[in-house]
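# Structural features, examined
The residues making up each chain are set out below.
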Amino acid sequence: MTLLAVAVGGRGLVDPQEPVLRADDEALLRGRAAFETVRVYRGEPYRLIEHLDRLAQSAERMGLPSVNVLELGGLAEQAVEAAGVGDAVLRLYWTPGNGEGAPTSLALVSELSTHYDALRERGQRLIALRGVRAEEPWLLPGVKSTSYAVNMAAEAEAKRRGADDAVFVDRDRIVLEGPTTNIWWRRERTLFTPALELGILAGVTRAAVLELAGGLGYEVVEGAFPLADLAGADEAFTSSSIREAMPVTELDERSLGRGPAADELQAALRAEATLDP
Ligand code: PLP
């Protein structure tokens, strides 16, 4: 990750090379902090309010102090402006510090990888891996915490098996989500995606796709679906802030057809994100 700009609560812009957290910060000691990853288009963070709302909810569910949304929004603006690039990745963090002092808010802007455009051309290969279905509040359903080691390990396992990414299924092979994505598939004019009740993250891009699908003539059904439904789909794609709508062309080493929905939704997302205000 090439850091372009960093802004810290109470300090403002700092040198991106400078350390900004205490050694006893809970984010480091236990992965107990909330974060967000936001796509910046033409110097504007896409759906920033939705990301700040989700950050606030994640913090609340983890029992962290309330997020200072105004401060973080301001830091985000400062960091994006200082980065001085149109397309970028904005990361927001809210950590309780050592639990005694004040929480810390951080906004980081980094370069956007060019890898995703190539991957969108080729389509991704997914491997289904057993994941945890977060059914109890202490399993933190829908919370975006910095405890992402399991998600990163699943992505690494998928790569070790020659794929690009994983899709989590529960013990009954019900489809959940990817380590950093939501998953979608199409049969004729209907799009299917796992329901939030399955304990998955309420993706900001997922919400955007839900809004945009109707205008493109697709019906959307949310629910609990077996992996066989995904495997037998006409086409599939994932959604996330950074990868946007990304076609899936292989699942568990069996090819999946390409279709129009992923490309249409990608175009619709881009159009919405880059619309002049
Ligand atoms: N699911 C998980 C577990 C994620 O970590 C993410 C994003 O990183 C997503 C889904 C997609 O969410 P969004 O569209 O808000 O980026």
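Residues numbered from 1 in each chain as written. Predicted model: local features only at pLDDT ≥ 70, side-chain atom pairs only at ≥ 80, totals over all residues. Heavy atoms only, no water.

Of all residues adjacent to the ligand, which total 17 residues, the nearest are Lys144, Tyr148, Val204, Thr205 and Ser241. One of the side-chain N or O atoms of Glu177 is found 2.8 Å from a nitrogen atom in the ligand. The separation between an oxygen atom of the ligand and a polar side-chain atom of Ser241 is 2.7 Å. With the chains in place, 95% of the 390 Å² that the ligand exposes on its own is no longer accessible. Elements supplying a minimum of two residues to the shell around the ligand: helix H2 (48-61), helix H6 (204-213) and strand E12 (235-240). In the shell around the ligand, the residues fall into four nonpolar, 10 polar and three charged. (Near = heavy atom within 4 Å. Polar contact = N/O pair within 3.5 Å; in protein donor to acceptor, adjacent residues only side chain to side chain. Areas by Shrake-Rupley, 256 points an atom, 1.4 Å probe, with all protein chains shown as cover. Helix = DSSP H or I, 4+ residues; strand = E, 2+ residues; numbered from the N terminus. Nonpolar A, V, L, I, M, F, W, Y, C, P; charged D, E, K, R; others polar.)

Looking now at the packing of aromatic side chains. Counted under the stated rule, the structure contains seven aromatic pairs. Centroid distance Trp184 to Phe237: 5.9 Å. Interplanar angle 0 degrees. Geometry classified as stacked. Of this pair, Trp184 sits in strand E9 (residues 182-187) while Phe237 sits in strand E12, placing them 53 residues apart in sequence. Like Trp184, the residue Phe237 is buried in the burial classification. With a centroid separation of 5.5 Å and 80 degrees between ring planes, the pair formed by Trp185 and Phe225 is classed as edge-to-face. Taken together, the positions of Trp185 in strand E9 and Phe225 in the loop between strand E11 (219-223) and helix H7 (227-231) put the pair 40 residues apart, joining distant regions of the chain. An aromatic cluster of three or more residues is present, and its members are Phe35, Tyr93 and Tyr148. One Lys or Arg, Arg189, reaches over the ring of Tyr218 and ends 4.1 Å from the middle of that ring. (Phe/Tyr/Trp six-rings, centres within 6.5 Å; stacked < 30°, edge-to-face > 60°. Buried < 20%, exposed > 50% of the residue type's maximum accessible area, 1.4 Å probe, protein only. Lys NZ or Arg CZ within 6 Å of the ring centre and 35° of its normal.)

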